[in-house]
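# Coordinate inspection notes
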Amino acid sequence: MIHASNDNPVLDRPRLAGLTSWDADWAGLRVVVAGIGVSGFAAADTLIELGARVVVVDGADTPGTRAKADTLRIVGAAGVLLGEGAQETVPDVEGVRPELVVTSPGLRPDHPLLAAAAAEGIQIWGDVELAWRVRERAGRRTAEWVCITGTNGKTTTVGMTASMLQAAGLATAAVGNVGTPILDALREPVEHDVLAVELSSFQLHWTSSMSPLASVVLNVAEDHVDWHGGYENYLADKSRIYEHTRVACVYNAQQAETVRMVEEADVVEGCRAVGFTLETPDVSMLGVVEDLLVDRAFLDDRRGSALELASITDTGPLPTPHGVANALAAAALARAAGAPPEAVREGLRAWEPGDHRIQAVATTHGVLWINDSKATNPHAADAALSAFDSVVWIAGGLSKGVSYDRLVARHAGRLRTVVLIGTDNDSLLAALAAHAPEVPVLRTAERPGPAAGDAVMGEAVRLAHEVAQQGDTVLMAPASASMDQFSSYAHRGDAFVREVADLVGRLS
């Protein structure tokens, strides 16, 4: 069994061990909440409502953090510390050392405050661990959790899963890393039957007691290795999602790492391993037969027959192998939660893909323009590149320490031209020189900072238009993070969409 270290080997103290429901004795618990962002604010607000004594710390002192701090003080925070140095040490709570630190997912385990807490023997939870412990509440229905992680495709799969469950008549919400904190969903007056929970590796690192109905690791590839301190640590944190799963551990049968995770997971007795594949499925798998998604896992006669779930064309306007894999994973989770086959099909048809995910933007003189700004790493860009035959590729940004050799080597034959954006492209340039030396590379000006993004994207679209020919796809799938020249991947994608719209207007 994989036991992923969370750099906090201290076992729950007796009081913390008993905090396993909303109605437990949280009153007076001394807690430091590290971070006042979306998840940190939700954690602090929840703990204050439960009666804990809470001090919140955040390194940013901005109008936004000050407004949140004012709100938390009004509702009863014991203190809020903002600005440089606020997160360097573990503060007292009303003159006494804290019993618990709840950390925001963005803080690395070696962050000074977290390292100091671990050295002192103070327990560290993430917001997901807190949410799991308060999910049960007297007089309210307790929602089941189906949990999704992976290097890529998490948000898409969470949306598909929620849509399928809703089509089955179940009250469902998509929560977690997708944008809505789980704690906010738990405090809503609406009672849910199932929560479709997107979890990042950061969140999983600080989660230990969660026991979902079903869980999946969609795929894994090098990403966030700087945060985790290496790829093996990243895999270990991803594998945490399978621990204590009760009904179905869903895994990518075509990736050895996820197969191994399931084989080594410590699950509840009776939990099944359910694979998904883009090929003909074996027993206890979901897969593809001709152009149909089929189920050989959740039926009585799974050895001799298969259930038709949906068509490949139901997975979206531009079906891709990556999108079909996500749909199969979502179907497995929904089926584990009791959704009938027809709900899978209807859920897929009702689901609307989010922006910036292999999003068709326009067609100009036989050239298709695609926005895949969400492709912030090579694995995500691989899914997009695989979908098109002749590509003018807009790529580059912050590499996050990953290699591009495998990506470029695999797709060199479909690259007509590469247009570089971003300021951290040495690794990508080296891969292009080694594996695609004949492919022209055009560079935009290396202007740093979010204020430069719109101009950079305008230049990239102009260069792409100048070289694109009929039958090409101009694919903006940067394979890199965005923060060197944009405020977010959404800003980057919006800039691309806007510049392409301007181009279409000029051409017409």
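Residues numbered from 1 in each chain as written. Predicted model: local features only at pLDDT ≥ 70, side-chain atom pairs only at ≥ 80, totals over all residues. Heavy atoms only, no water.

An unreviewed UniProt entry annotates the protein as UDP-N-acetylmuramoylalanine--D-glutamate ligase of Kocuria aegyptia. UniProt annotates the protein under Subcellular location (unreviewed entry) with the comment "Cytoplasm". (UniProt positions renumbered as here; feature names shortened; annotations may be inferred.)

### As for the nonpolar core
Counting 56 residues, the largest nonpolar core has Trp-145 and Leu-195 as its most contacted members. If you tally residues by element for this core, the top one is helix H2 (residues 38-50), at six residues. Here Trp-145 is in contact with Val-128, Ala-131, Trp-132, Arg-135, Ile-182, Leu-195, Val-197, Met-210, Pro-212, Leu-213 and Ala-214, once residues within four sequence places are set aside. Formed by 40 residues, the second largest nonpolar core is a distinct cluster that contains Ala-297, Ala-336, Ala-343 and Trp-351. (Core = buried A, V, L, I, M, F, W, Y, C linked by side-chain atoms within 4.5 Å. Buried < 20%, exposed > 50% of the residue type's maximum accessible area, 1.4 Å probe, protein only. Helix = DSSP H or I, 4+ residues; strand = E, 2+ residues; numbered from the N terminus. Contact = heavy atoms within 4.5 Å.)

### Details of the environment of Leu-368
Residue placement: Leu-368 occurs in strand E16 (residues 367-371). Note on Leu-368: relative accessible area 22%, which makes it partly exposed. In the structure, Leu-368 is positioned 11 residues away from His-379 in sequence and 22 Å away in space, judged by C-alpha atoms. In this structure Leu-368 touches Ala-360, Ala-362, Thr-363, Phe-388, Asp-472, Thr-473 and Val-474, once residues within four positions along its chain are discounted.

### Quick look at the packing of helix H6 (residues 154-167) against helix H12 (residues 321-336)
Contact geometry of H6 with H12 gives a least axis separation of 8 Å together with a crossing angle of 45 degrees. When the axis of H6 is compared with that of H12, the two are oblique. Two packed elements cross with a definite hand, and for H6 against H12 that hand is right-handed. Taking contact as the criterion, the partners of Thr-156, Thr-157, Met-160, Thr-161, Met-164 and Leu-165 in H6 are, on H12, Gly-323, Asn-326, Ala-327, Ala-329, Ala-330, Ala-331, Leu-333 and Ala-334. The class makeup of the residues in the contact of H6 with H12 is nine nonpolar, five polar and no charged. (Axes fitted to C-alpha atoms, helices over the stretch in contact; angles between N-to-C directions. Parallel < 35°, antiparallel > 145°, perpendicular 65-115°, else oblique. Left-handed = near helix turned anticlockwise from the far one by under 90°. Nonpolar A, V, L, I, M, F, W, Y, C, P; charged D, E, K, R; others polar.)

### Brief notes about the sheet that holds strand E1 (residues 30-34)
The parallel open sheet is built from five strands, whose spatial order is E3-E2-E1-E4-E5. Bordering the open sheet on either side are strand E3 (79-82) and strand E5 (123-126), each of which pairs with just one other strand. When the angles between neighbouring strand axes are averaged without regard to direction, this sheet yields 20 degrees. Looking at chain direction, E1 and strand E4 (residues 100-103) are connected through four bridges and run parallel. The partner of Val-31 across the bridge, within E4, is Leu-100. Against the sheet, helix H4 (residues 112-120) engages E1, strand E2 (53-58), E4 and E5, with an angle of about 150 degrees to E4. (Pairing = 2+ DSSP bridges.)

### Observations concerning H12
Between the first and last C-alpha of H12 there are 23 Å, a value that for 16 residues agrees with the 22 Å anticipated at 1.5 Å per step. For H12, the tally of buried residues reaches 14 of 16 residues, placing the bulk of the element in the interior. (Expected span 1.5 Å × (residues − 1).)

### Here we look at the packing of aromatic side chains
Counting across every chain of the model gives four aromatic pairs. An angle of 80 degrees between the planes, with centres 6.3 Å apart, marks the rings of Trp-26 and Trp-125 as edge-to-face. Here Trp-26, found in the loop between helix H1 (14-17) and E1, pairs with Trp-125, found in strand E5; they are 99 residues apart in sequence, far enough to count as distant. The exposure classification of Trp-26 matches that of Trp-125, with both residues buried. A ring pair is formed by Trp-132 and Trp-145, whose centres lie 4.8 Å apart and whose planes are at 85 degrees; its orientation type is edge-to-face. Linking Trp-132 in helix H5 (residues 127-134) with Trp-145 in strand E6 (residues 144-149), this pair joins segments that are 13 residues apart in sequence. Judged by its relative accessible area of 8%, Trp-132 falls in the buried class. Given the relative accessible area of 1%, Trp-145 is considered buried. Here Arg-137 stacks its cationic end above the ring of Trp-22, 4.0 Å away from the centre of that ring. (Phe/Tyr/Trp six-rings, centres within 6.5 Å; stacked < 30°, edge-to-face > 60°. Lys NZ or Arg CZ within 6 Å of the ring centre and 35° of its normal.)

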